[in-house]
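Residues per chain, in single letters:
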Amino acid sequence: MKILITGGLGYIGSHTAVEFSDDYEILIVDNLINSDISVLESLNQITKSNIIFEKVDLTDMISVNKLFDKHSDIKNIIHFAALKSVEESLKYPLKYYHNNITSLVNILSEIKKRKMEINFVFSSSCAVYGEPISLPIDENEKIKEALSPYANTKQICEKILTDFSKICENFNALSLRYFNPIGAHKSLKIGERPIGKAQNLVPIITQSVTGIRNELIVYGDDYQTHDGSCIRDYIHVSDLANAHICALKYLEKNNNIKNEYFNIGTGIGTSVFTLIKSFEKVTGQKVNFKIGARRPGDAIAAYSDNSKAIRVLNWKPRLGLDKALLSAWNWEKMKRINN
Ligand code: NAD
């Protein structure tokens, strides 16, 4: 069975490709805008296979058409490809709307035109919830105005999928709303590989400890949380990747899933200061940081009620914060050795 993994050379996509490699023929599509072709070689080493790769920009309708001509036997799609920086999206909203929405629309147009039977998993985000009204956040949380153009693209894409599901027979879809993936694969051949300036907290920590960047800035220490810093739900990327297997099994077993939503997180809220202390504890490294101003687009606290995914998808996070942080640190060291 052929599975198309868009954005499969990126952080989460590459870890997910490993999970699928035993049972599926994998086709990765990526335009390398935020990833490196060397990830393909690492994936082939881990999976001991030759993963099919097509360099395609999914916003280019003609290239997407050719892609589906060539691979008309696709049965499953995991759609990761997107731009993901909240900060950048506030500066360049049109870039985000164009890339994230056009890519999805182009893929769905091909599915419709070709009357394909498809199981579709969409990479959504807890960012769709904005500032939550109640914690932990469950899937019934009211969707409010997005805090950034990036988050808005996720809200819009979810809505497009829901509307499309209604008019497209044989199209089964669900959206996984990820919380905060961190860490690296146990082989240490793949991990988070920010191109340019790291934007997520854990790579910023590892880079500040190795001296690649000057220091870590904690954006805001006066939030109404127990220690004043923001709270997030950090999940090991391999646990997150595994959720896609469970999601696809669920779609394969059940017909007529018209874009259901699932939170994929650990259910545990961790503050920025707690995360820093945990990192210091498991790695023995000192993290230097400065306090900066609050950042626009940041929710104060966001952590998941993951009971729906556990109950319906039969999925469970297994690895925990300490293992995730240690793997992130080991990955950072491994990258330095290889560079
Ligand atoms: P990533 O940037 O590492 O991976 C995305 C991949 O998509 C990259 O390899 C990039 O080159 C590719 N891509 C982007 N636009 C493309 C296009 N037009 N055509 C072809 N390829 C394209 O990001 P990630 O962290 O792996 O995130 C994957 C998905 O999960 C994204 O949709 C992101 O919004 C979502 N998500 C990520 C996080 C997170 O913290 N990492 C949290 C919630 C949701």
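Read on for an overview of the structure. (Residues numbered from 1 in each chain as written. Predicted model: local features only at pLDDT ≥ 70, side-chain atom pairs only at ≥ 80, totals over all residues. Heavy atoms only, no water.)

## Quick look at helix α5 (residues 93-113)
No. 1: A rise of 1.5 Å per residue sets the reference length of α5, with its 21 residues, at 30 Å; its end C-alpha atoms lie 30 Å apart and thus fit the reference within 8%.
No. 2: Burial in α5 covers these residues: Y96, N99, N100, I101, S103, L104, N106, I107, L108, E110 and I111.
No. 3: Following α5 by one or two positions, K115 has its phi on the positive side, about 50 degrees. (Helix = DSSP H or I, 4+ residues; strand = E, 2+ residues; numbered from the N terminus. Expected span 1.5 Å × (residues − 1). Buried < 20%, exposed > 50% of the residue type's maximum accessible area, 1.4 Å probe, protein only.)

## Some words on the sheet that holds strand β3 (residues 52-55)
No. 1: Here we have seven strands laid out as an open sheet, ordered β3-β2-β1-β4-β5-β6-β11, and parallel in their pairing. Both outer strands of the open sheet, β3 and β11 (258-264), are each paired with one neighbouring strand and no more. When the angles between neighbouring strand axes are averaged without regard to direction, this sheet yields 20 degrees.
No. 2: Bridge count for strand β6 (residues 171-178) against β11 is six bridges, and the pairing is parallel. Following the sheet pairing, Y178 is matched in β11 by I264. (Pairing = 2+ DSSP bridges. Axes fitted to C-alpha atoms, helices over the stretch in contact; angles between N-to-C directions.)

## Focus on helix α8 (residues 237-253)
What sets the pattern is the α-helix's 3.6 residues per turn: residues three or four places apart point alike.
No. 1: With 17 residues, α8 should reach 24 Å at 1.5 Å per residue; the first-to-last C-alpha distance of 25 Å fits that figure.
No. 2: Burial of α8 is extensive: 13 of the 17 residues sit out of reach of the surface.

## Comments concerning the pairing of strand β1 (residues 2-6)
No. 1: The buried fraction of β1 is high, at five of five residues.
No. 2: Handedness of the β1-helix α1 (residues 11-20)-strand β2 (residues 25-30) crossover: right-handed.
No. 3: As paired elements, β1 and strand β4 (residues 74-79) share five bridges and run parallel to each other. Each residue of the ladder has a partner; that of T6, found in β4, is H79. (Right-handed = clockwise from strand over helix to strand, strands pointing away.)

## Overview of the site of the ligand
No. 1: Taken together, 30 residues form the shell around the ligand, and within it D30, N34, S35, F80 and Y150 come nearest.
No. 2: In this structure, a nitrogen atom belonging to the ligand sits 3.1 Å away from a main-chain N or O atom of N31.
No. 3: Residue Y150 places a side-chain N or O atom 2.7 Å away from an oxygen atom belonging to the ligand.
No. 4: About the coverage of the ligand: the protein hides 96% of its 830 Å² of free accessible area.
No. 5: Of all the elements in the fold, those that place two or more residues in the shell around the ligand are α1, α5, β5 (118-125) and α6 (149-167). (Near = heavy atom within 4 Å. Polar contact = N/O pair within 3.5 Å; in protein donor to acceptor, adjacent residues only side chain to side chain. Areas by Shrake-Rupley, 256 points an atom, 1.4 Å probe, with all protein chains shown as cover.)

## Overview of the packing of α1 against helix α2 (residues 38-47)
No. 1: The interhelical angle for the contact between α1 and α2, taken along N-to-C directions, is 25 degrees, at an axis separation of 10 Å. As summarised for this structure, α1 and α2 are arranged roughly parallel, according to the angle between their axes. The way α1 lies across α2 gives a crossing that is right-handed. Listed contacts from α2 to S14, A17 and V18 of α1 are V39, L43, I46 and T47. (Parallel < 35°, antiparallel > 145°, perpendicular 65-115°, else oblique. Left-handed = near helix turned anticlockwise from the far one by under 90°. Contact = heavy atoms within 4.5 Å.)

## Examining the environment of E25
No. 1: With respect to the element layout, E25 can be found in strand β2.
No. 2: For the pair E25 and L4, spaced 21 residues apart in the sequence, the C-alpha separation amounts to 8.7 Å.
No. 3: Setting aside its immediate chain neighbours within four residues, E25 contacts M1, K2, I3 and I52.

## Some remarks on unusual backbone geometry
No. 1: Across the junction of L135 and P136, the peptide omega takes the value -10 degrees, indicating a cis bond.
No. 2: Of note, P136 is situated in the loop between β5 and α6.
No. 3: One non-glycine residue with positive phi stands out, namely K48, at about 50 degrees.
No. 4: If you trace the backbone, K48 turns up in the loop between α2 and β3.

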